[in-house]
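A structural walkthrough
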Amino acid sequence: MIPELGTFSLILALLCAILQGIFPLLGAHRTHYHWMNLARSAAWSQLVFVGLAYACLTASFLSHDFSVRYVALNSNTQLPVIYLISGVWAGHEGSLLLWALILAGWTGAVERCSSAIPQEMLARVIAVMGLVSTGFLLFIIMTSSPFARQFPIPLEGNDLNPLLQDPGLAIHPPILYLGYVGFSVPFAFGIAALLAGRLDGAWARWSRPWTLFAWTFLTIGIALGSWWAYNELGWGGWWFWDPVENASFMPWLVGTALVHSLAATEKRGVFKAWTVLLALFAFSLSLLGTFLVRSGVLTSVHAFANDPARGVFILIFLSIVVGLSLGLYAWRAPSVRSTLVTSPISRESFILINNILLMVTTATILLGTLYPLVMDALGLGKISVGAPYFNSVFVPLTVPLVLLLGTASVIRWKQDKLKRLLWILTPILLISFVIGVLWPVFYMPHYSSVAILGVTLGVWTFATAVVGVWSRTSGGNRWRRLRNTPSSFYGMTLAHIGVGVFAIGISLTSAFSVEKQVRMAPGDHQLIGGYDFRFDGVIDVRGANYVAQRGVITVFKDGLPVSRLEPEKRTYQIQQNPMTEAGIEAGLMRDLYVSLGEPLDDGRSWGLRLYLKPFIRWIWLGALLIAIGGLIAAFDRRYRLQSRNRSLSPSTATTPPVGI
Amino acid sequence: MTPRRRQRLVLVGLIVVGCTIATGLALLALRENINLFFSPSQIVEGTAPSNTTIRLGGMVVAGSVQRGDNLGVTFVLTDFAEQVTVAYEGILPDLFREGQGIVTQGKLDSTGRFVAEQVLAKHNETYMPPEVNDALRKVMTVGQ
């Protein structure tokens, strides 16, 4: 009964989405206020019905209704409740439902927070989101209903994939989706502005906080995924250039370009057409990501074995969305007049170079990700493009990006003096380089140019960010000026510092990590980077729905015990998959990391992976700072103040009151 | 030339320069880092180059896994037509087991043995890497 209710509400949600997509758009075109008003009620009803469908699926999970195929495939009676709830998005069908729910949620949020936006604009925005939602709901209902029943009804479910039974991974997909789907908001604003032919500063100001929220969620989502891979896969790595990782990283890069370009458009009225194009690209890449992950065309840890009909549907949907939006862009954008950039020595021209670098980086990653697919489709052989490709194109493109970032923190809008910049920046660069050379020399085992480069860049971004705040608030009462500086500026500063922390983390980890795969019998010692690892043997333990062998490793430094690591090799009772849980002692300066390989022939010895990972925490710390920076910028008071002022202005007062 | 035109020209110039650099980098990197996929039959036929990093995929033959000293291990991969022995030094992934489809990456040595640097098994016991699946299917259809 409950699953049928779910299907029914999905269909109702689809009907609402269709109404929401068509009538407000026509209403805005013909200035028909009742039709425009339909946007609100349709959006809210859609949210209610998708939410109801989602609740039905959750209820089916909680009540172990194995007559529902999806529930039987992804859960089990012994599964802890938290994983029953997160099991909803463990597979293809449920994660699409989550996607639709989040899209409806963003639409509701836009409706709530946009009382100041003119009614035609809001109607168009909500309608565009309704059209996107229509596509997704059609997809769910036609090709991948999570409520499909099966007969005979199995007595026991197939269990959740053990890899997903981890709190980090339980929250990774929703956060990532909040980011992915969040880019539909700037996309909808962009389309609405193109339709209206009004690409002004106001449009950039409305889109900016939404873009920042989406981008923040995407940042956290990607960082969580990386952190999970490090904890759970037992390889000690944090980024693999897996196609699915790339699929989330590409919208992030374009989103980063968009965040910067929106700032320039809002402040200075430059790059309007370009900014809209970025908004269209960011969401298109999010859709491409969904296509790549869900269609099963990729060889990847995330690929579900799928039927091709789904891939074809998403591909058609993708071409419609990208084709229509780029067509609209080609038609409307030539009439957009931007303010000109007055001088090459200005923040806006640096933002332009930043944008070009980010887009070029995205293009090379896209090339590496799609190249094997294209070769395969053309019958030119099966190939794989590995991590070395991505590293060798990514690093040369991002190093200049970070150098520019430091400059951009200090440079002024409109026009700056080259002399002033050189006067400030040259000493900072010299100091950064000196620290960059000294740090690895004093704290690290051997010479490494990567480490020197990374630390130099890290100190450079930190110092320029601080100097940027300092020079912005000089003259007059510094305390008052600090308080009056908008929070978007502090957000930017924090995010830039985060990039520096991230750069230090990556470079020191990749330069000085020590990895050993060894055979150890109980009592054996291994010396790694000054740490003495002693293997004390393996004991059997029992968890809620698994049995495990737990290795015990004691780590000594200078003869004193510093840590006791307990990596596990788990076997889940239903799926019988062995799973590695690494034993990690985390630290700001270094991680000690051990994972159990396999028992060897003599019955006592084990294959073990031992790692010393210096500064690896800085990678996620950097990502966290970037995300917090984004959040602080998104909550900038100016966006709200200006929207309040606007609601009092006569231009909007002439529109009839909203409601029935 | 109007300022607007000049600015557009500068922008186009920058994009062209950026794209040129990127294409150059990408082509250079692609040339060195593309790994072609081969099936055991192709290896035995001799179509695969030796001393170049390639990928080899197939099913692990039951009973073929042999541990050597330390962490050395050898096993045999098959596409049900031909077999290739693979040597690997290190810990095998969790889902590596006999009868499972896997992909390895490494080089063919002069004796026709495949020396793997990486062994990949996927995170789902019913999952078969698409390349392996295709290779197996090809053999099946040829065999019939």
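Note that the structure is a prediction, hence the values are computed from the model and not measured.

A word on the overall build of chain B. What chain B contains, in helices and strands, is three helices and seven strands. Along its sequence from the N terminus, chain B presents helices and strands in the succession α-β-α-β-β-β-β-β-β-α. The 144 residues of chain B split such that 33% are buried. Considering only intrachain contacts with a sequence separation of at least 6, the fraction spanning at least 24 residues in chain B is 53%.

Before going further, it helps to examine the interface of chain B and chain A. Facing the 35 residues of chain B at the interface are 37 residues of chain A. Elements represented by at least two residues in the side of chain B that touches chain A include exactly α1 (3–33), β1 (34–38) and α3 (130–143) of chain B. Top contributing element to the side of chain B that touches chain A by residue count: α1 of chain B, with 13 residues. Residues of the side of chain B that touches chain A, tallied by class, amount to 19 nonpolar, nine polar and seven charged.

With that settled, consider unusual backbone geometry. The omega angle of the peptide bond from phenylalanine 151 of chain A to proline 152 of chain A is 0 degrees, so this bond is cis rather than trans. If you check the backbone angles, phenylalanine 615 of chain A has positive phi at about 60 degrees while not being a glycine. Its location among the elements puts phenylalanine 615 of chain A in the loop between β11 (606–614) and α19 (617–634). What makes phenylalanine 615 of chain A buried here is the crowd of 28 C-beta atoms within 10 Å. Despite not being glycine, phenylalanine 80 of chain B has its phi angle at roughly 75 degrees, a positive value. Along the chain, phenylalanine 80 of chain B falls in the loop between β4 (72–78) and β5 (83–89). Note on phenylalanine 80 of chain B: 15 C-beta atoms within 10 Å, which makes it partly exposed.

In terms of domain boundaries, chain A breaks down into domain 1 (1–165), domain 2 (417–513 + 618–623) and domain 3 (514–615). Its C-alpha centre places domain 1 of chain A at a distance of 44 Å from the equivalent point of domain 2 of chain A.

All names here are of chain B. Pairing of strand β2 (residues 54–60) with strand β6 (residues 101–108) involves six bridges; the strand directions are antiparallel. Looking at β6, one finds that methionine 59 is bridged to glycine 101. Where β6 and strand β7 (residues 114–120) come together, six bridges link them in antiparallel fashion. Its bridge partner lying in β7, glutamine 105 is registered against glutamine 118. From the end of β6 to the start of β7, which pair antiparallel, there are five residues, and glycine 112 there has a positive phi angle of about 85 degrees.

Rules and cut-offs
- Residues numbered from 1 in each chain as written.
- Chains lettered and ligands numbered in written order.
- Predicted model: local features only at pLDDT ≥ 70, side-chain atom pairs only at ≥ 80, totals over all residues.
- Helix = DSSP H or I, 4+ residues; strand = E, 2+ residues; numbered from the N terminus.
- Buried ≥ 20, exposed ≤ 12 C-beta atoms within 10 Å, placed from the backbone.
- Contact = placed C-beta atoms within 7 Å.
- Nonpolar A, V, L, I, M, F, W, Y, C, P; charged D, E, K, R; others polar.
- Domains from an automatic or database assignment.
- Pairing = 2+ DSSP bridges.

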